[in-house]
Amino acid sequence: MSEGRNPRRMARFAAAVEGIHGVELLHRSADPDHHRMVLAYRGTPAAVVHATTALAAAVYAEVDLRRHRGRHPRIGALDVVPFVRGPGCPEVDALDASRSFGEWAARRGVPVFFYERAATMPERTSLPRIRSGQFEGLAAKLSSPEWRPDLGPPAPHPSLGAVAVGVREPLVRFNVNLETADPGPARRIAAAIRESDGGLRHVRALGIPLRRRGMTQVSMNLTRYAATGIEPVYERVAERARAEGVALAGCEFIGPVPAGAIRGLDSARLDADLAPEQILDLPGTGDGEEGGEA
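Read on for an overview of the structure. (Residues numbered from 1 in each chain as written. Predicted model: local features only at pLDDT ≥ 70, side-chain atom pairs only at ≥ 80, totals over all residues. Heavy atoms only, no water.)

### A few points about the overall build of the protein chain
Part 1: In terms of regular secondary structure, the protein chain is built from nine helices and 13 strands.
Part 2: Against the compact-globule benchmark of 19 Å for 294 residues, the protein chain has a radius of gyration of 18 Å, which places it among compact chains.
Part 3: Along the three orthogonal principal directions, the C-alpha set of the protein chain runs to about 50 × 45 × 40 Å.
Part 4: Put simply, 70% of the contacts in the protein chain that link residues at least 6 apart link residues at least 24 apart.
Part 5: Counting only carbon and sulfur atoms, one obtains 49% of the accessible surface of the protein chain, whose full area is about 12300 Å². (Helix = DSSP H or I, 4+ residues; strand = E, 2+ residues; numbered from the N terminus. Rg over C-alpha atoms; globule rule 2.2 N^0.38 Å. Contact = heavy atoms within 4.5 Å. Areas by Shrake-Rupley, 256 points an atom, 1.4 Å probe, with all protein chains shown as cover.)

Here you go:
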């Protein structure tokens, strides 16, 4: 969600999820430069939808995108709602959950785009494509017939924008920090490694300034970590950083990390902080469904 600077507000958003019976809040993270917060939680599909509507109501009551400026791409106050299936949760249940939340948001005047497994057309599978232009370009985007929302009004909500709702596989949010305030190296490295520009398969990457920390970051999503894992991505970033003459300043994982993605990984070598509660053992998640919001 599009808030990463106000601790009291973020505490209220987390409390909205924690207040729902049958839902377990797995992890929360926030960054003031990105100006976003990520909550991950799990439960039965019905409980997760209940928690997500409670969270959305809290966010919609407090966040106004007209006053929001951050480094992370966003189209909405509650920007993206992915539903991630546990091993005992049929895909149809996850799709029904995404549709249920989308209908709730649409009734509140927020345009809804379904993405990845929930996409209604092939060109909307990609979240970055939906987010392109961000909130500031959303009105012009929605004026095109090809970008008519799947649900909701054909124009952005004035203060809340739109929301992307999807069903996707677990991914790894992995960031590598660089010891330079110059955004050029991070942006060049991101362009060299992301799949959309001919880099590593299943890797999305952005180069982002972290002005409050006096450094920059290669911010990545590894969407198929079994095919392209953390270590080869880290090695490629490190190689490019050496070529740029820039030192690394540690790594970080955002939100839950599937246990399979870090099996055998030397986190000390990566200089990465990974809290035990971030590690999600997917085979043990039962018939629940994990929902994450950014």
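### Overview of the sheet that holds strand E11 (residues 272-273)
Part 1: Strand order in this open sheet of five strands is E7-E8-E6-E9-E11, and the pairing throughout is mixed. Of all the strands in the sheet, the pair left with one neighbour each is strand E7 (203-210) and E11.
Part 2: Sheet topology places strand E9 (residues 248-254) next to E11; two bridges connect them, and they run parallel. Note that in E11 the partner of Glu 252 across the bridge is Asp 273.
Part 3: Here helix H6 (residues 183-193) sits on the sheet in contact with strand E6 (172-178), E7 and strand E8 (215-222), set at roughly 175 degrees to E7.
Part 4: On the sheet, helix H7 (residues 230-244) packs against E6, E7, E8 and E9 and is oriented at approximately 20 degrees with respect to E6. (Pairing = 2+ DSSP bridges. Axes fitted to C-alpha atoms, helices over the stretch in contact; angles between N-to-C directions.)

### Details of the environment of Ile 230
Part 1: Checked against the element boundaries, Ile 230 lands in helix H7.
Part 2: According to the relative accessible area criterion, Ile 230 is buried, its value standing at 2%.
Part 3: Through-space distance from the C-alpha of Ile 230 to that of Ala 261 is 7.2 Å; in sequence the pair is 31 residues apart.
Part 4: Apart from residues no more than four positions distant in its own chain, Ile 230 is found in contact with Val 172, Phe 174, Leu 222, Phe 253, Ala 261, Ile 262, Leu 265 and Leu 270. (Buried < 20%, exposed > 50% of the residue type's maximum accessible area, 1.4 Å probe, protein only.)

### Some words on the pairing of E7
Part 1: A large share of E7 lies buried, amounting to six of its eight residues.
Part 2: Relative to E8, E7 is paired through eight bridges, and the arrangement is antiparallel. Along E8, the bridge assignment pairs Leu 210 with Met 215.
Part 3: Counted along the chain from E7 to the antiparallel partner E8, the turn is four residues long, and its residue Gly 214 has a positive phi close to 65 degrees.

### Overview of H6
Part 1: Along H6, the residues that are buried comprise Pro 183, Gly 184, Pro 185, Ala 186, Ile 189, Ala 190 and Ile 193.
Part 2: The backbone nitrogen of Gly 184 has a side-chain oxygen 3.0 Å away, supplied by the residue at the start of H6, namely Asp 182. (Polar contact = N/O pair within 3.5 Å; in protein donor to acceptor, adjacent residues only side chain to side chain.)

### Here's the deal with the side chain of His 34
Part 1: Checked against the element boundaries, His 34 lands in the loop between strand E1 (24-31) and strand E2 (36-43).
Part 2: Take His 34: its relative accessible area is 2%, and that puts it in the buried class.
Part 3: Setting aside chain neighbours within four positions, we find His 34 in contact with Gly 70, Arg 71, His 72, Ile 208, Leu 210, Gln 217 and Ser 219.

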